[in-house]
Amino acid sequence: MVTAIHLAKPEDFDRLDALVAAFHQEEGIELSPDQRQSGLLPLLEGIPHGVAYLIGPARAPIGYIVLTFTWSVEYGGLDGFIDEIYLRPAVRGRGIASEVMQTLPAKLAEAGLNTIHLEVDRDNARAMKLYERIGFRPRESYVIMSKRLRS
């Protein structure tokens, strides 16, 4: 299987926004449409801090992945954080997420990314199994902590 994945651009906003809204509803993330737009548009317009990719056919994507970039002394330079990944429920369980999560990091490594991180709910055994199967490992002595600076 070779799942299409392409860098989202401003003209993809409506398709991406619909997928993000579906994911946020599923996860109980409460953002207004304006807040969602503020988070997505800069990614589509080419800010250097992150990217969004659409998964599946360009005109009818079945999912998306958002990756942000950071710098790490510990990991020797440029690293990334998977902020969100989502597939429509009807296409889950077909190996699409596994393929994307194996192919995209390999391409990002070729572009200079040293490490990729993600956050997963400890109670989401299915996602944990997927991520571990493709090489992600929990950092047992670390916990991601967050402090919102602006709302």
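Our subject is the structure listed above.
Chains are numbered independently. Their residues run from 1 in the order of the written sequence. Given that this is a predicted model, residues contribute local features only at a pLDDT of at least 70 and side-chain atom pairs are listed and counted only at 80 or more, while totals for whole chains, interfaces and linings are drawn from all residues. To get the side-chain values, all heavy atoms of the structure are used, and hydrogens and water are removed first.

**With respect to a negative patch on the surface**
Reasoning step 1: Taken together, the side chains of Glu27, Asp83, Glu119, Asp121 and Asp123 define an acidic patch exposed on the protein surface.
Reasoning step 2: Within the secondary structure, Glu27 is located in helix α1 (residues 13-27). Residues enter patches when they are more than 30% accessible in relative terms and free of salt bridges; like-charged ones are connected within 9 Å and nonpolar ones (Val, Leu, Ile, Met, Phe, Trp, Tyr) within 5 Å. Each accessible area value is a Shrake-Rupley result obtained with a 1.4 Å probe; residue values ignore everything except the protein chains displayed when judging cover. A carboxyl oxygen of Asp or Glu within 4 Å of a side-chain nitrogen of Lys or Arg is what we treat as a salt bridge. Under the counting rule used here, the positive set is Lys and Arg, the negative set is Asp and Glu, and His together with the chain ends is not counted. Positions of charges follow a simple convention, taking NZ of Lys, CZ of Arg, CG of Asp or CD of Glu. Secondary structure elements follow DSSP: runs of H or I of four or more residues count as helices, runs of E of two or more count as strands, with numbering from the N terminus.

**Let's talk about the pattern of salt bridges**
Reasoning step 1: Within the structure shown, the criterion is met by four salt bridges.
Reasoning step 2: Asp17 is paired through a salt bridge with Arg36; the nearest N and O atoms lie 2.6 Å apart. Of this pair, Asp17 sits in helix α1 while Arg36 is found in helix α2 (residues 33-44), placing the two residues 19 residues apart along the sequence. Accessibility classification places Asp17 together with Arg36 in one group, the buried group.
Reasoning step 3: Of the charged contacts in the structure, one is a salt bridge between Glu74 and Arg139, with a shortest N-O distance of 2.9 Å. Each residue is placed in one exposure class: buried if its accessible area under a 1.4 Å probe, protein chains only, is under 20% of its type's maximum, exposed if it is over 50%, and partly exposed if it falls in between.

**Comments concerning the pairing of strand β4 (residues 77-87)**
Reasoning step 1: Judged by how many residues are buried, β4 sits mostly within the fold: eight of eleven residues are covered.
Reasoning step 2: For two strands to be treated as a pair, DSSP must find no fewer than two bridges joining them. Of the strand pairs in this sheet, strand β3 (residues 63-72) and β4 are connected by ten bridges, and their pairing is antiparallel. Opposite Tyr64, over in β4, you have Tyr86 as the bridge partner.
Reasoning step 3: What sits between the antiparallel neighbours β3 and β4 is a turn of four residues, in which Gly76 has the positive phi angle 80°.
Reasoning step 4: Looking at chain direction, β4 and strand β5 (residues 115-118) are connected through four bridges and run parallel. Counterpart to Ile82 in the pairing with β5 is Leu118.

**Re the sheet that holds β5**
Reasoning step 1: Here we have five strands laid out as an open sheet, ordered β1-β2-β3-β4-β5, and mixed in their pairing. What marks the edges here is a single partner per strand, and that holds for β1 (5-7) and β5. Sheet twist, expressed as the average angle between the axes of neighbouring strands with direction ignored, equals 30°.
Reasoning step 2: We call two residues in contact when some of their heavy atoms are within 4.5 Å. A fitted line through C-alpha atoms serves as each axis, taken over the contacting stretch for helices, and the angle formed by two N-to-C directions is quoted from 0 to 180°. Across the sheet, α1 is in contact with β2 (50-55), β3 and β4; its angle to β4 comes to roughly 80°.

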